[in-house]
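Observations on the three-dimensional arrangement
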Amino acid sequence: MAQVQAPGQAQEGGWVSYREAYRAMVTFAKYGKAKNFLQNHYQVAPKEPGQSLDGLRLTLSGRTTQLNLPLDPTGRTTFPLLKAAYDENAMLVLNRKISQFTFQPRLSIIPRVDGVYESADLRAACDQALQYLRYTDAAYNGRFCAGVRFAFMPKSDAAVRIREPLREVTLPATEGAAFDGDANTGFRIMVYRFAEWPERVQVISQNAPVAIAPVIE
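Residues numbered from 1 in each chain as written. Predicted model: local features only at pLDDT ≥ 70, side-chain atom pairs only at ≥ 80, totals over all residues. Heavy atoms only, no water.

**Focus on the packing of aromatic side chains**
- Overall, the coordinates contain 10 aromatic pairs when judged by the stated rule.
- An angle of 55° between the planes, with centres 5.0 Å apart, marks the rings of Tyr31 and Tyr135 as tilted. Note that Tyr31 is positioned in the loop between helix 1 (18-30) and strand 2 (38-46) and Tyr135 in helix 3 (residues 119-136), a separation of 104 residues in sequence.
- A residue is classified by how much of its surface remains accessible, and Tyr135, at 52% relative accessible area, is exposed.
- Between Tyr117 and Phe150 the ring centres are 5.6 Å apart and the planes differ by 70°, which places this aromatic pair in the edge-to-face class. Taken as a pair, Tyr117 in strand 8 (residues 116-118) and Phe150 in strand 9 (residues 145-152) lie far apart in primary sequence, 33 residues in all. Taken individually, Tyr117 and Phe150 each receive the classification buried, so the pair is uniform in this respect.
- Put simply, the rings of Tyr18, Tyr22, Tyr42, Phe79 and Tyr86 pair up and form one aromatic cluster. (Phe/Tyr/Trp six-rings, centres within 6.5 Å; stacked < 30°, edge-to-face > 60°. Helix = DSSP H or I, 4+ residues; strand = E, 2+ residues; numbered from the N terminus. Buried < 20%, exposed > 50% of the residue type's maximum accessible area, 1.4 Å probe, protein only.)

Structure below.
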């Protein structure tokens with residue numbers, strides 16, 4: 001998935017505008033078409049490869065609001081839609097130089113607790129993501145769903161298997177980014193491409209993925 005345009009420009013003093021981020025994030029909340037397979041997070045991502053997220057902290061700070069926003073290994077956090085913070089134009093404060101990071105919404109597929117995915121559901125999830133991205137960015141109108149990408153922590157022994165009626169096949173693993181456009185490329189990646197498999201299979205993840213992203217080309 002291509003990187004989404006940052007919702008707000010970084011301000012002096014190490015913060016970005018909560019109000020501008022809110023405007024970008026509330027679009028998904030108000031979106032009225034199918035999105036039951038999707039989730040939308042706010043992501044802080046390094047601009048350059050090799051930048052560690054260890055110790056990175058994002059804080060929502062306003063006159064009446066003080067809230068730590070924990071970041072996952074991809075830099076995503078659950079974004080709170082708070083009217084009070086919006087009204088007072090609170091700040092999203094980072095404990096690093098914000099010029100080294102980007103700030104944007106990040107769409108992904110909701111992982112299943114049991115790790116078992118029907119191929120029809122993954123196709124539907126990718127299509128929902130594509131329809132939403134077309135809603136927010138006309139550049140996606142000429143693109144199509146190619147598959148989904150499972151991302152795991154580096155050095156993980158995680159595996160994703162394709163179960164057909166007469167066999168199971170483990171997808172090849174590579175090193176790469178959880179999301180298209182991210183500079184953080186150290187994750188263990190396995191891609192399920194729709195065109196390479198029968199229409200009805202099961203996709204089984206034996207470990208919980210860090211993220212599942214639609215592959216849109």
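That was the structure; now back to the text.
**Quick word on the side chain of Thr65**
- If you trace the backbone, Thr65 turns up in the loop between strand 3 (58-61) and strand 4 (66-69).
- Setting aside chain neighbours within four positions, we find Thr65 in contact with Leu60, Leu82, Ala85 and Glu88. (Contact = heavy atoms within 4.5 Å.)

**A short note on the side chain of Gln43**
- Counting through the fold element by element, Gln43 comes out in strand 2.
- Polar contacts involving the side chain of Gln43 include one to the main-chain carbonyl oxygen of Thr74, which spans 2.9 Å.
- Polar side-chain contacts of Gln43 include one of 2.9 Å to the side chain of Arg106. (Polar contact = N/O pair within 3.5 Å; in protein donor to acceptor, adjacent residues only side chain to side chain.)

**Comments concerning the sheet that holds strand 1 (residues 15-17)**
- The strand order 1-6-3-4 describes an open sheet built from four strands, whose pairing is antiparallel. The open sheet has two edge strands with one neighbour each: strand 1 and strand 4. Taken pair by pair, the neighbouring strands of this sheet meet at an average axis angle of 25°, ignoring direction.
- Strand direction decides the pairing type here: strand 1 and strand 6 (residues 91-94), joined by three bridges, are antiparallel. Within the sheet, the bridge partner assigned to Ser17 lies in strand 6 and is Met91. (Pairing = 2+ DSSP bridges. Axes fitted to C-alpha atoms, helices over the stretch in contact; angles between N-to-C directions.)

**So, the confidence of the model for the chain**
- Looking at the chain as a whole, its pLDDT mean stands at 93, while 94% of the residues score no less than 70.
- Note that residues 1-13 has pLDDT below 50 and, in this model, 42 contacts with residues that lie over four places away or in other chains. (pLDDT = per-residue confidence, 0-100.)

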